[in-house]
Amino acid sequence: MSNESISAPDFTLPSTAGGEVTLSETLESGPTIVLVNRGYWCSFCAEQLGTYSEVAYDLWFNDGVDILPVVTSEREKLVEMRDRFDFDFQLLADPDGEVADQYSGTEQTSHGLTGVVGTYVIDGDGDIRYEQVADGLTDRTYGNWVRYFIRNDFEDPFGD
């Protein structure tokens, strides 16, 4: 395994809580999980985000980990999504896909421009320690696995 580290692109996006969130600021308190999602209408995205919502408070309280779900939808639609699914974190609006482009990329779909689903674990130094870009709609990394990964010093807890 190479020791080369890839720095995560910094970004600032509007949050469903109001105001803005900046990646580099969340990294000051510890690792951050960046999740790129397709849109407020995506049921597979909602399911994946639900698995992160279940571990969000535990990760934040015990490990200083922030979860930043970047969704290629307008903020107003994301407020509705957050409330409908009762997520335990805020969603970040990336309607033009500018941040998604810097991570997993974007694509044109029947819903317009959407992010390609991606999961990134970024350590406190801003280096990407885990990256998974979906091959298909249901190809996802879930929250509990990432919690184990972070607590296992950024090593696959179930791998070789």
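The rules behind each value
- Residues numbered from 1 in each chain as written.
- Predicted model: local features only at pLDDT ≥ 70, side-chain atom pairs only at ≥ 80, totals over all residues.
- Heavy atoms only, no water.
- Pairing = 2+ DSSP bridges.
- Helix = DSSP H or I, 4+ residues; strand = E, 2+ residues; numbered from the N terminus.
- Contact = heavy atoms within 4.5 Å.
- Axes fitted to C-alpha atoms, helices over the stretch in contact; angles between N-to-C directions.
- Buried < 20%, exposed > 50% of the residue type's maximum accessible area, 1.4 Å probe, protein only.

### With respect to the pairing of strand β7 (residues 106-109)
The two faces of a sheet get side chains in turn, since along a regular strand they alternate between them. Relative to strand β8 (residues 112-115), β7 runs antiparallel, the two being bridged by 4 bridges. Note that in β8 the partner of Thr106 across the bridge is Gly115. In this structure, the hairpin formed by β7 and β8 is closed by a connection of 2 residues.

### Quick notes on the environment of Ala134
Following the sequence through the fold, Ala134 ends up in the loop between β10 (127-133) and α5 (143-151). Along the chain, Ala134 and Thr106 lie 28 residues apart, while their C-alpha atoms are 12 Å from each other. Setting aside chain neighbours within four positions, we find Ala134 in contact with Val116, Val117 and Asp139.

### Looking at the sheet that holds β10
The 6 strands are arranged β1-β10-β9-β4-β5-β6 in an open sheet whose pairing can be described as mixed. Edge positions in the open sheet fall to β1 (6-7) and β6 (92-93), since each of these has one partner strand only. The pairing of strand β4 (residues 32-37) with strand β5 (residues 66-71) spans 6 bridges and is parallel. Directly across from Leu35, in β5, lies its bridge partner Pro69. Those strands touched by helix α2 (residues 43-63) are β4, β5 and β9 (118-122), and its axis lies near 165° from that of β4. Lying over the sheet, α5 contacts β4, β9 and β10, oriented at roughly 25° with respect to β9.

### Comments concerning unusual backbone geometry
Despite not being glycine, Asp86 has its phi angle at roughly 55°, a positive value. Taking relative accessible area as the criterion, Asp86 reaches 64% and is therefore assigned exposed. In this structure, Asp153 takes a positive phi of about 55° despite not being glycine. Among the secondary structure elements, Asp153 is positioned in the segment after α5. For Asp153, a relative accessible area of 60% puts it in the exposed group.

In short, shape yes, function no, at least from these values alone.
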